[in-house]
Amino acid sequence: MGSTSPNSTSNPLATPYTSPTGTLNLSHRIVLAPMTRMRASDNTGIINPSAATYYAERTLPGSLLISEGTVIHPRGKGFPCTPGLWTEEQAGAWKPVTDSVHARGGVFFVQLWHVGRVSVPKMIGGARPFSSTSAHLPGSHVLFGGEGGVEEYVDSHAMTVQDINDVIAQFAQAARLAVEVAGFDGVEIHGANGYLLDSFVHDNINTRDDMYGGSIENRLRFPLQVVDAVVEAVGAHRTAIRPAPFHVLQETRDSNRLATFGRFCAELERRGLGYVHIVEPRYDQGSGEGAFSGSIQREPSAPGVGDAMASIWPFRRILKSTTVIGAGGHDAVSAAKAIEEGEWSFLLYFLLSKGGMQ
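Sequence order sets the numbering: in each chain, residues are counted from 1 along the sequence as written. Two thresholds apply to this predicted model, a pLDDT of at least 70 for residue-level local features and 80 or more for giving and counting side-chain atom pairs, whereas whole-chain, interface and lining totals are computed over all residues. Side-chain numbers here rest on the full set of heavy atoms in the structure, without hydrogens or water.

(A) A look at the overall build of the protein chain. Secondary structure counts use DSSP, requiring at least four H or I residues in a row for a helix and at least two E residues in a row for a strand, with both numbered from the N terminus. Of regular secondary structure, the protein chain possesses nine helices and 13 strands. When each of the 358 residues of the protein chain is scored for burial, the buried share is 59%. Within the protein chain, contacts between residues at least 6 apart in sequence are counted, and of these 73% link residues at least 24 apart. Every accessible area reported is derived by Shrake-Rupley at a probe size of 1.4 Å, with residue values counting cover from the shown protein chains alone. Of the roughly 13000 Å² that the protein chain leaves accessible, carbon and sulfur atoms contribute 52%. In this scheme, a residue with accessible area under 20% of its type's maximum is buried, one over 50% is exposed, and one in between is partly exposed, where area comes from a 1.4 Å probe on protein chains only. Pairs of residues are marked as contacts when any of their non-hydrogen atoms sit within 4.5 Å.

Written as structure tokens, this is what we have:
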């Protein structure tokens, strides 16, 4: 669970924290959320220099910041003007940004992003988006940015084993660039929101009958292979992941969320990661978020959902020695109470994330 200071008990949100891996030495429990800013070149994916000021202004000594989603490959792009991290030039453009955070005493992780089927041909050079199978989201994809507008979703490209191996390598390469060139302290793999990795986890989306579909073990194989490749590239202590067990956007339903994500968390616990960042069910169930298309199906009868007291506590019990970031559905009072009760190592970003998505 990490170490805390006995002198900060009057305000749990201000309690210092040191993670078991030693990667995080923080002065408080509030983390800057990953928020899409769309301040990169739409052509090159190079982050705008103004990002250095933006992130520095949000850094206090001993703060943890998670960057906006940063695309690992052109095929993984979902929205205009989002930054990339597949070339040396892109990584080099991030270095002044990480330097600005470090100069103020912050710890900075980059969120690695492949949106999978939550994209449209306009975003990926006319190609079909990757997914576990060919089924696509209903309706239209919202194209934010200067031009705006929408584009109809299309059938996905059901990834071949070679496609999967390629993407695993792309995540690993992005992680190396992030740490070795861009200067990030670590990487957070985006494994939620119906994006690429998440489309393999949920059994209502993943209908494959090969080694990547069917059983829980098979559906988790690709995400865990990505985790393992990133761990090999930069170390477990610099590797984190964001799952969202109770997410209801992007058609992410599952016949047994607790079993699926309980197994997922057990596998993550074995790997000794820097942290696991889990979205609270109350956030998803109450979300009126307009950033995402598709069917938003509430599940009042699902285990752990619909109950005002529902939380990610079942997964915290599994992640006994792993730092957990809990996100969503809290104010300062409920966040402080959760920390006091030992539910999470941190509270994230309902307090901080208004005006962004991810």
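Here the narrative resumes.
(B) Geometry of the pattern of salt bridges. For this analysis, a salt bridge means a side-chain nitrogen from Lys or Arg found within 4 Å of a carboxyl oxygen belonging to Asp or Glu. In this structure the tally under the stated criterion is nine salt bridges. The residue K95 makes a salt bridge to D99 at a minimum N-O spacing of 2.7 Å. Of the two residues, K95 and D99 both sit in helix α2 (residues 88-103), four residues apart, roughly one turn of that helix. Overall, the relative accessible area of 32% leaves K95 in the partly exposed class.

(C) Inspection of the pairing of strand β3 (residues 64-71) at higher detail. Of all eight residues making up β3, eight are buried, and the element is well covered by its neighbours. Note on pairing: two strands pair once DSSP finds at least 2 bridges between them. For β3 and strand β4 (residues 107-113), the ladder comprises six bridges, and the chain directions are parallel. Each residue of the ladder has a partner; that of V71, found in β4, is W113. Look down the strands so they point away from you; if the path from the first strand over the helix to the second goes clockwise, the crossover is right-handed. Taken together, β3, α2 and β4 form a β-α-β motif whose crossover is right-handed.

(D) Just the packing of helix α5 (residues 216-234) against helix α6 (residues 257-271), in detail. Helix axes are fitted to C-alpha atoms over the stretch in contact, other axes to C-alpha atoms as well, and angles between N-to-C directions run from 0 to 180 degrees. At a closest axis distance of 11 Å, the pairing of α5 and α6 adopts a crossing angle of 35 degrees. Considering only the axes of α5 and α6, their crossing is right-handed. Residues I216, E217, R219, L220, P223, L224, V227 and D228 of α5 form the contact with α6, whose own contacting residues are A259, T260, R263, F264, E267, L268 and R271. Counted by class, the contact of α5 with α6 contains eight nonpolar, one polar and six charged residues. By definition, turning the near helix anticlockwise from the far helix through less than a right angle yields a left-handed crossing, and turning it clockwise yields a right-handed one. Polar here means any residue other than Ala, Val, Leu, Ile, Met, Phe, Trp, Tyr, Cys and Pro, which are nonpolar, and Asp, Glu, Lys and Arg, which are charged; Gly is therefore polar.

(E) Main features of the side chain of S132. Checked against the element boundaries, S132 lands in the loop between β5 (130-131) and β6 (140-142). Taking relative accessible area as the criterion, S132 reaches 1% and is therefore assigned buried. In contact with S132, not counting residues within four places along its chain, are A158, M159, S199, F200, I205, N206 and R208.

(F) View of the nonpolar core. Core analysis: the largest hydrophobic core is formed by 61 residues, its most contacted members being Y55, W94, L112, F171, F222 and L268. The leading source of residues in this core is helix α3 (residues 161-181), at 10 residues. Look past the residues within four positions of F171 in its chain and what remains in contact with it is I72, L112, H114, I189, L197, V226 and V230. In this structure, V71, V120, I124 and L143 belong to the second largest nonpolar core, which totals 13 residues. In this text, buried Ala, Val, Leu, Ile, Met, Phe, Trp, Tyr and Cys residues form a nonpolar core when linked through side-chain atoms within 4.5 Å.

(G) Seen up close, the pairing of strand β9 (residues 186-190). In terms of burial, β9 is a largely internal element, five of the five residues being buried. Covered by surrounding structure in β9 are G186, E188 and H190 together with V187 and I189, the residues of both alternating faces. Two strands pair when backbone bridges link them, and β4 and β9 are joined in this way by four bridges, in the parallel orientation. The partner of V110 across the bridge, within β9, is V187. Bridge count between β9 and strand β10 (residues 239-242): four bridges; the pairing is parallel.

(H) View of the packing of α3 against α5. Two elements in contact, α3 and α5, have axes whose closest approach is 8 Å; the angle formed by their N-to-C orientations is 35 degrees. Remark: the crossing between α3 and α5 carries right-handed chirality. When α3 is examined against α5, the residues I164, V167, I168, F171, A172, A175, R176, V179 and E180 are found in contact with a partner set consisting of F222, Q225, V226, A229, V230, A233 and V234. When its residues are assigned to classes, the contact of α3 with α5 shows 13 nonpolar, one polar and two charged.

(I) Seen up close, unusual backbone geometry. A positive phi angle, close to 60 degrees, is found at C81, a residue other than glycine. By secondary structure assignment, the location of C81 is in the loop between β3 and α2.

(J) Local environment of α2. Between its first and last C-alpha, α2 extends 23 Å over 16 residues, near the 22 Å set by a 1.5 Å rise per residue. Note on bend: at a given residue it equals the angle between the axes fitted to the 7 residues ending there and to the 7 starting there. In the structure, α2 departs most strongly from a straight axis at K95, where the bend amounts to approximately 25 degrees and where the proline P96 lies between one and four residues downstream. Every buried residue belonging to α2 is among Q90, A91, W94, V97, T98, S100 and V101, and all of these are buried. Those residues of α2 that are buried lie in contact with α1 (50-56), β3, β4 and α3. Just past α2, the residue G105 takes up positive phi, approximately 85 degrees. Here, expected helix span is obtained from the residue count minus one, scaled by 1.5 Å.

These figures capture arrangement, not role.
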